[in-house]
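Secondary and tertiary structure notes
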2 protein chains.
Amino acid sequence: MANIRDVAKEAGVSVASVSRYLNKKGYISEDTKLKIRKAIDKLEYIPNQVARSLTTKQTNFIGLIVPDITNPFFPELARAVEDIALSYGYTVVLCNSDEKSEKEIHYIDTLKQKYVAGFIVTTNQLRASHYEDLNVPLVALDRMIHESIPTVSSNNVDGACMGTNHLLDSGCEKIVFMRGPKGLGPADDRLAGFLKAVEGKNVQTHIVESPFHFGESEKIAKKFLTEIEGVDGIFASTDVSAAGALKAAHSLGISVPDQLQIMGFDGISLGGMLTPGLTTVAQDIYKMGALATRILIKIIEEIELDERVIQVPVELVERGTTRSVHR
Amino acid sequence: MANIRDVAKEAGVSVASVSRYLNKKGYISEDTKLKIRKAIDKLEYIPNQVARSLTTKQTNFIGLIVPDITNPFFPELARAVEDIALSYGYTVVLCNSDEKSEKEIHYIDTLKQKYVAGFIVTTNQLRASHYEDLNVPLVALDRMIHESIPTVSSNNVDGACMGTNHLLDSGCEKIVFMRGPKGLGPADDRLAGFLKAVEGKNVQTHIVESPFHFGESEKIAKKFLTEIEGVDGIFASTDVSAAGALKAAHSLGISVPDQLQIMGFDGISLGGMLTPGLTTVAQDIYKMGALATRILIKIIEEIELDERVIQVPVELVERGTTRSVHR
């Protein structure tokens with residue numbers, strides 16, 4: 001864990017300068033600011049937030065808008081945003097839009113009145129123009145709103161390719177892909193990755209649309225598992241959907257992974273709670289939240305961005321819902 | 001769904017009065033205010049929040065402090081608080097204390113600077129005196145802080161009795177009770193309920209302490225299931241702990257509910273995602289959040305409280321981790 005001396009050394013400046021920078025007290029040149037910020041980023045330095053808050057006697061709000069607080073992906077993302085924001089002296093206001101555009105507008109308008117420093121938005125209920133007209137620093141997280149808005153997301157296409165290839169390598173010959181809602185960036189990208197991976201391969205595929213909700217996914221999976229004969233693989237676009245598919249398989253007496261293999265996407269802790277544990281394409285949720293927060297704070301503090309669109313790599317986490325390829 | 005006319009009728013006042021009340025514009029007598037508020041409570045009327053927000057052009061913050069945003073109980077509670085708060089023109093700032101008192105103090109201090117209207121606190125990291133010195137309207141939710149602070153919680157003692165009796169009725173003769181952290185109100189109350197129910201009964205019991213975290217609970221359950229012979233029942237103090245116990249049983253090849261029955265406590269949606277589905281003592285999470293919010297808003301708006309301590313009833317939800325008693 002880096003301390004203030006490490007930051008000073010890395011930045012090639014004095015400890016006093018770093019302290020002035022952190023406490024926003026006294027003069028520091030733009031050049032020094034930049035060096036310190038880079039060192040903080042590199043070392044992932046987190047100052048003692050309570051001490052900082054007591055010294056600066058002021059804290060700014062960052063609004064974090066999520067579409068569904070009961071989908072565990074978003075609380076896990078929120079924790080990362082909160083950790084990093086606090087370390088820079090910002091406080092996170094978590095807003096649950098419940099996938100309703102009116103609620104989202106309400107939060108945005110309310111927080112703007114309260115002089116919010118910036119927003120991190122993980123929804124795309126509204127038209128891009130609404131966000132562009134905001135005149136408040138803004139970062140899109142998890143899904144792109146518009147090319148003009150800095151964005152942190154996972155590499156969803158590559159991730160879906162990786163997951164699909166794993167199902168193919170594990171012997172699946174008839175795969176149902178449970179795609180998320182049309183028009184939702186990550187959902188579309190994951191479908192694209194799946195289609196790319198199965199192209200030209202000797203495999204039967206079915207595409208079924210399903211919202212990212214457990215109950216709905218369970219119902220939909222039960223339906224297609226009953227109607228389509230010989231399904232031996234399911235790739236669900238989120239872990240919550242995959243949990244629904246697994247529950248459907250159990251209730252139909254289909255053995256997982258012997259008769260049916262299931263792949264999720266997200267890497268939330270729910271996957272490990274299920275039996276068998278869910279094989280999934282895991283996003284680096286903490287890193288996504290942390291990066292988005294760092295970018296937002298740079299915009300707020302008028303520091304130039306090195307990158308405006310960041311795709312965070314994903315990785316395959318093998319658990320019990322697929323047959324091990326490595327025998 | 002009640003509308004503004006229903007409220008006026010129930011309150012015995014004009015629609016115009018209700019509108020003035022909702023928009024905080026124009027004179028209304030205290031007596032009329034009280035009638036309207038009672039009618040709104042009774043009918044659970046939710047005004048169109050966007051319309052209201054546009055009219056009133058101001059919104060107040062309510063700080064909701066939760067100990068662990070990644071435990072699904074708290075997002076579910078937060079949704080209820082948010083729904084009701086929005087309906088009265090308040091915006092919820094969700095603060096995750098991560099069970100750290102310094103983070104909790106930071107949030108409280110920061111929000112106080114930002115003129116927060118009141119707090120709903122679901123933690124008890126700090127000493128009661130800290131909360132009493134706040135001089136901001138405050139409601140304790142889920143756990144009592146001090147008798148002087150209005151509190152909404154479940155009837156944890158009765159709930160634990162009910163769950164225990166169900167395990168006994170289902171034939172359990174050797175039950176491990178996984179108690180939560182000592183000093184935590186709901187954890188202590190649930191243990192008290194368990195002890196009350198087993199007193200004088202022909203059953204062997206073991207009390208094991210476990211935090212309300214999946215991974216830790218799984219590890220602890222694995223340990224006692226290996227060390228203590230013939231355990232045929234587990235009562236975990238939260239659903240997340242119960243999920244850990246179920247996972248432990250699966251990994252040890254113990255059949256649930258045939259060899260081992262498991263009872264949870266909370267009623268979060270996770271319980272239904274597991275296989276077998278988790279039998280649990282379900283709290284009325286939405287009602288708890290809604291009641292706490294209504295009470296807080298009454299305090300903020302200086303309306304007298306009918307009750308200062310409310311215990312919300314719980315109910316048994318039978319799923320697959322216990323053997324059905326009704327054969």
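Presented here is a report on the structure given in the accompanying data block. (Residues numbered from 1 in each chain as written. Chains lettered and ligands numbered in written order. Predicted model: local features only at pLDDT ≥ 70, side-chain atom pairs only at ≥ 80, totals over all residues. Heavy atoms only, no water.)

1. Side note on the sheet that holds strand E12 (residues 315-317) of chain A
All names here are of chain A. The six strands lie next to each other as E7-E6-E8-E9-E10-E12, forming an open sheet whose pairing is mixed. Each of the sheet's edge strands pairs with one partner strand only, and the pair in question is strand E7 (204-209) and E12. Put simply, the sheet's adjacent strands are angled 20° from each other on average, direction ignored. As paired strands, strand E8 (residues 233-236) and strand E9 (residues 261-266) are joined by three bridges and run parallel to one another. Opposite Phe235, over in E9, you have Met263 as the bridge partner. Most of the contacts of helix H11 (residues 239-251) go to E9, to which it runs at about 160°, and overall it touches strand E6 (174-179), E8, E9 and strand E10 (279-282). (Pairing = 2+ DSSP bridges. Helix = DSSP H or I, 4+ residues; strand = E, 2+ residues; numbered from the N terminus. Axes fitted to C-alpha atoms, helices over the stretch in contact; angles between N-to-C directions. Contact = heavy atoms within 4.5 Å.)

2. Some details on the relation of the copies chain A and chain B
Of the transformation superimposing chain A on chain B, the axial component is 0.0 Å and the angular component is 180°, with the fit at an RMSD of 0.1 Å. Look at the turn and shift together and you get a two-fold axis relating the two. A share of 100% of interface residues in chain A that are also interface residues in chain B marks the association as one of identical surfaces. (Least-squares fit on C-alpha atoms with pLDDT ≥ 70 in both.)

3. Considering the interface of chain A and chain B
Every contact between the two is made by 40 residues of chain A and, on the other side, 40 residues of chain B. Here chain A and chain B share an interface that buries about 3,900 Å² over both sides, 60% of which is from carbon and sulfur atoms. Along the contact surface separating chain A from chain B lie six salt bridges. With its nearest N and O atoms 3.8 Å apart, the salt bridge here joins A:Glu82 to B:Lys103. On inspection of chain A and its partner chain B, the count reaches 14 residue pairs in polar contact (both at pLDDT 80 or more). Elements supplying a minimum of two residues to the side of chain A that touches chain B: helix H4 (49-56), helix H5 (73-87), strand E2 (90-96), helix H6 (101-113), H11 and helix H12 (270-273) of chain A. Per element, the largest residue contribution to the side of chain A that touches chain B is seven residues, and it comes from H6(A). Of the residues in the side of chain A that touches chain B, the class split is 16 nonpolar, 14 polar and 10 charged. (Buried area = accessible area lost by both parts, 1.4 Å probe. Salt bridge = Lys/Arg side-chain N within 4 Å of Asp/Glu carboxyl O. Polar contact = N/O pair within 3.5 Å; in protein donor to acceptor, adjacent residues only side chain to side chain. Nonpolar A, V, L, I, M, F, W, Y, C, P; charged D, E, K, R; others polar.)

4. Notes on the packing of helix H2 (residues 15-23) of chain B against helix H3 (residues 30-43) of chain B
Residue and element names in this part refer to chain B. The N-to-C vectors of H2 and H3 enclose an angle of 85°; their axes lie 10 Å apart at closest approach. Of the possible angle classes, the one that applies to H2 and H3 is roughly perpendicular. Contact residues: H2 offers Ser17, Val18, Tyr21 and Leu22, while H3 offers Thr32, Lys33, Ile36, Arg37 and Ile40. Tallied by class, the residues present in the contact of H2 with H3 amount to five nonpolar, two polar and two charged. (Parallel < 35°, antiparallel > 145°, perpendicular 65-115°, else oblique.)

5. Considerations on the sheet that holds strand E7 (residues 204-209) of chain B
Sheet strands pair via backbone hydrogen bonds, and the direction of the pair is either parallel or antiparallel. All names here are of chain B. Spatially, six strands are ordered E7-E6-E8-E9-E10-E12 in an open sheet, and the strand pairing comes out mixed. In the strand order of this sheet, the two ends are held by E7 and strand E12 (315-317), each with one partner. Between one strand and the next, the sheet's axes are offset by a mean angle of 20°, whatever the strand orientation. Inspection of the sheet shows strand E6 (residues 174-179) paired to E7 by six bridges, in the parallel sense. The partner of Met178 across the bridge, within E7, is Val208. Against the sheet, helix H10 (residues 214-227) makes contact with E6, E7 and strand E8 (233-236), and its axis sits at roughly 150° relative to E6, the strand it touches most.

6. Things to note about the environment of A:Arg190
Residues and elements named next belong to chain A. Along the chain, Arg190 turns up in helix H9 (residues 185-198). According to the relative accessible area criterion, Arg190 is buried, its value standing at 2%. Along the sequence, Arg190 and Phe177 sit 13 residues apart, while their C-alpha atoms lie 9.6 Å from each other. (Buried < 20%, exposed > 50% of the residue type's maximum accessible area, 1.4 Å probe, protein only.)

7. Quick look at the packing of aromatic side chains
All names here are of chain A. Counted according to the given criterion, the structure contains seven aromatic pairs over all chains. Their ring planes at 80° and their centres at 5.0 Å tell us that Phe73 and Phe74 sit as a pair that is edge-to-face. Taken as a pair, Phe73 and Phe74 share a single burial class, namely buried. Site record: aromatic cluster; members linked through ring pairs are Phe177, Phe194 and Phe235. If you follow Arg190 out to its NZ or CZ, it ends over the ring of Phe265, 3.9 Å from the centre. (Phe/Tyr/Trp six-rings, centres within 6.5 Å; stacked < 30°, edge-to-face > 60°. Lys NZ or Arg CZ within 6 Å of the ring centre and 35° of its normal.)

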